[in-house]
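# Structure at a glance
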Amino acid sequence: MLSHEHQELLTRVGPGTPMARMLREYWLPAARSASLVADGKPQRVRLFGENYVVFRAAGGDIGFLDEACPHRGASLALARNEGNGLVCIYHGWKFDTAGRVLEAPCEGANPRQKEFMNSIVAGHYPVREAGGMVWVYLGARREPPEFPLFEFNQVGEGHIKVRRALLDYNWLQGLEAHLDAAHLAVLHASTIGRFAGALDSDSGLALKNLAPEMEMEMTRYGMREAAIRPMPDGTRYARMRHLILPFFTMVPSAPNSPCSGRAIVPIDDEHTAEWYFIYRHDRPISETEIKAQWLGAADNDDNFAANLGNAENMWHQDRAALKGGHWSGLTRCIPFEDFTVSSSMGIRMDRTKEKLGPSDMVLVHARKALLDALEAFQADGTISWQGGVDFASLRAATATLAPGDDWRLKV
Ligand code: FES
Ligand SMILES: [Fe+2]
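These numbers were taken from a predicted model, which means no experiment stands behind them. (Residues numbered from 1 in each chain as written. Chains lettered and ligands numbered in written order. Predicted model: local features only at pLDDT ≥ 70, side-chain atom pairs only at ≥ 80, totals over all residues. Heavy atoms only, no water.)

### Examining the overall build of the protein
Of the regular secondary structure elements, the protein holds 11 helices and 18 strands. Taken over the C-alpha trace, the protein has a radius of gyration of 23 Å; the compact-globule value for 411 residues is 22 Å, and the two agree within 12%. Considering only C-alpha atoms, the protein reaches an extent of 85 × 45 × 45 Å along its principal axes. Across the 411 residues in the protein, those meeting the buried criterion constitute 54%. Long-range pairs, those at least 24 residues apart, make up 62% of the contacts in the protein with a sequence separation of at least 6. Per element, the accessible surface of the protein, about 18,200 Å² overall, is 52% carbon and sulfur. (Helix = DSSP H or I, 4+ residues; strand = E, 2+ residues; numbered from the N terminus. Rg over C-alpha atoms; globule rule 2.2 N^0.38 Å. Buried < 20%, exposed > 50% of the residue type's maximum accessible area, 1.4 Å probe, protein only. Contact = heavy atoms within 4.5 Å. Areas by Shrake-Rupley, 256 points an atom, 1.4 Å probe, with all protein chains shown as cover.)

Put into structure tokens, the structure is as follows:
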């Protein structure tokens, strides 16, 4: 259970809030690389309750600007993308990827007006492209932090598949669904069971024990944890995850399956972008692997949850399937089961009323870590979870532990 004050601190992510100011200090996934075409349509991006526009200029450079034109506030998402910049359709001001004004046809050409034009710069932000995503730094520091070179940010094209889901709930609900390991063998029992013996046979082992022993430890990047289940032959089966605060999780997959991760990014208090990616080194991701991950999801890489449903249609829960043996009756993919329960809590769930049990230990520690990081940030600008982290080494895993084996040495 959280105090009202802590609930507000953790969930309010609008302009000027402590959480937004802190989260803006991290590199954030903002758009899919493939969705930005040179000279193509600019894309509107909303983060922390503020609106931006991202576009790819003819030469391939990416610009990330405030959405409102600095002249009179028309949306630059409506702009023409011409050559090396965006041209506002209202009065024709043209901005390059660094926000400089290149043209202002209505302002004439005398030297004083030229000076005026040179004094104006549209709000613009540093970007990086990696792992099939366009990342942005929206923070207050002069120099962005070191870019997190996760393993998935370094694989070749075709070796990673990235898809985004847009959800109508607060970011912490999204994050906590991924921190909550205890639900795996309950909520997902049937969707995981479907793959038992096929793509994800390892996960079938997790279904055999609904109350694993949870172990965790805090790390420089957040925390890592293991769900450990004793097996009949005396070994223990461990599923081990990294929670890379403030918003990444790496999720274990079976041997020979793609590695998998998520990033949970706040759009505003009531909307969240959940980035899902699967990747592998040895060969490109196959269509079969993509289908297995997103069975029944919308055919839209920028919002694969477009067909999730809502309370009106009970998220398309199939009661006949439920009666017939499917646990949740949510018969599409695993992410849809997570999105549905998170969405069913309401737009911003009230954590002052929940009753947490021992299996919620990871949630409790993650919330405390976020609150401690906020306190340090507000006290002296400290940014947690960045220094000295080897991001490339953070890969989730499963392992069979012999008696005496330590899971910490397996992940
Ligand atoms: S509002 Fe954009 S050029 Fe005038
Ligand atoms: Fe889940």
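Now that the structure is up, let's keep going.
### Let's talk about the domain arrangement of the protein
The domains assigned to the protein are domain 1 (27–136) and domain 2 (151–409). Distance from the C-alpha centre of domain 1 to the C-alpha centre of domain 2: 35 Å. With 16 residues of domain 1 at the interface, the matching set in domain 2 holds 16 residues. Joining domain 1 to domain 2, the criterion identifies three salt bridges. Its salt-bridge partner being Arg-32, residue Asp-302 comes within 2.8 Å of it at the nearest N-O pair. Where domain 1 packs against domain 2, one counts five residue pairs in polar contact (both at pLDDT 80 or more). Considering each element in turn, the side of domain 1 that touches domain 2 owes the most residues, five residues, to strand 1 (residues 28–32). In terms of residue class, the side of domain 1 that touches domain 2 is built from 10 nonpolar, four polar and two charged. (Domains from an automatic or database assignment. Salt bridge = Lys/Arg side-chain N within 4 Å of Asp/Glu carboxyl O. Polar contact = N/O pair within 3.5 Å; in protein donor to acceptor, adjacent residues only side chain to side chain. Nonpolar A, V, L, I, M, F, W, Y, C, P; charged D, E, K, R; others polar.)

### A look at the packing of helix 1 (residues 4–11) against helix 11 (residues 361–380)
Packing of helix 1 against helix 11 leaves a shortest axis separation of 10 Å and a crossing angle of 75°. Taken together, the axes of helix 1 and helix 11 lie roughly perpendicular to each other. Facing His-6, Leu-9 and Leu-10 of helix 1, the residues of helix 11 in contact are Arg-367, Leu-370, Leu-371, Leu-374 and Gln-378. Classifying every residue of the contact of helix 1 with helix 11 gives five nonpolar, two polar and one charged. (Axes fitted to C-alpha atoms, helices over the stretch in contact; angles between N-to-C directions. Parallel < 35°, antiparallel > 145°, perpendicular 65-115°, else oblique.)

### Focus on the side chain of Thr-249
Structurally, Thr-249 can be placed in strand 15 (residues 248–251). Those residues in contact with Thr-249 that lie beyond four places of it in its chain are His-178, Leu-179, His-242, Leu-243, Gly-261 and Arg-262.

### A short note on the coordination of the iron ion (ligand 2)
Under ideal tetrahedral coordination, the four donors around a metal are separated by 109.5 degrees; under ideal octahedral coordination, the six donors are separated by 90 or 180 degrees. Only His-183 (NE2), His-188 (NE2), Asp-338 (OD) and Asp-338 (OD) from the protein coordinate the iron ion (ligand 2), and they sit 2.1 to 2.5 Å from it. Considering all four donor atoms around the iron ion (ligand 2), the spread of angles at the metal, 56 to 150°, places the coordination shape in the irregular class. Counting residues between consecutive donors of the iron ion (ligand 2) along the chain gives the motif H-x4-H-x149-D. Each of the two residues, His-183 as well as His-188, counts as buried. (Donors = N, O, S within 2.8 Å, 3.2 Å for Na, K, Ca; no water. Tetrahedral: all angles 85-135°; square planar, octahedral: opposite > 155°, others 65-115°.)

### A closer look at unusual backbone geometry
Each neighbour pair has its own omega, and for Leu-245 with Pro-246 the value is 10°, a cis peptide bond. You can see Pro-246 is positioned in the loop between strand 14 (236–244) and strand 15. Positive phi is not limited to glycine here, since Met-314 has a value of about 50°. Here Met-314 lies in the loop between helix 8 (287–293) and helix 9 (319–323). According to the relative accessible area criterion, Met-314 is partly exposed, its value standing at 47%.

### So, the packing of helix 4 (residues 171–179) against helix 11
As a packed pair, helix 4 and helix 11 sit with axes 10 Å apart at the nearest point and diverge in direction by 135°. Classed by the angle they form, the pair helix 4 and helix 11 counts as oblique. Of the two elements, helix 4 crosses helix 11, and the hand of that crossing is right-handed. Here Trp-171, Leu-172, Leu-175, Glu-176 and Leu-179 of helix 4 lie close against helix 11, whose contacting residues are Val-362, Leu-363, Ala-366, Arg-367 and Leu-370. Grouping the amino acids of the contact of helix 4 with helix 11 by side-chain chemistry returns eight nonpolar, no polar and two charged. (Left-handed = near helix turned anticlockwise from the far one by under 90°.)

### Quick word on helix 4
In terms of burial, helix 4 is a largely internal element, nine of the nine residues being buried. Within the sequence span of helix 4, burial applies to Trp-171, Leu-172, Gln-173, Gly-174, Leu-175, Glu-176, Ala-177, His-178 and Leu-179.

### Some remarks on the packing of aromatic side chains
Across all of its chains, the model carries 23 aromatic pairs by this definition. Judged by centre distance (6.5 Å) and plane angle (45°), the ring pair of Trp-93 and Phe-95 falls under tilted. Per residue, the accessibility class of Trp-93 equals that of Phe-95, and both read buried. Where Tyr-276 meets Phe-304, the ring centres are 5.4 Å apart and the plane angle is 85°; that geometry is what we call edge-to-face. Placement of the pair is Tyr-276 in strand 17 (residues 271–279) and Phe-304 in the loop between helix 8 and helix 9, with a sequence separation of 28 residues. By the ring-pair criterion, three or more aromatic residues cluster together here, those being Tyr-26, Trp-27, Trp-135, Tyr-137, Phe-147, Phe-150, Phe-152, Phe-247, Phe-248, Phe-277, Tyr-279 and Phe-391. Positioned above the aromatic ring of Phe-147 is the side chain of Arg-128, whose terminal nitrogen or guanidinium carbon lies 4.4 Å from the ring centre. A cation sits over an aromatic face here: Arg-163 above Trp-294, 5.2 Å from the ring centre. (Phe/Tyr/Trp six-rings, centres within 6.5 Å; stacked < 30°, edge-to-face > 60°. Lys NZ or Arg CZ within 6 Å of the ring centre and 35° of its normal.)

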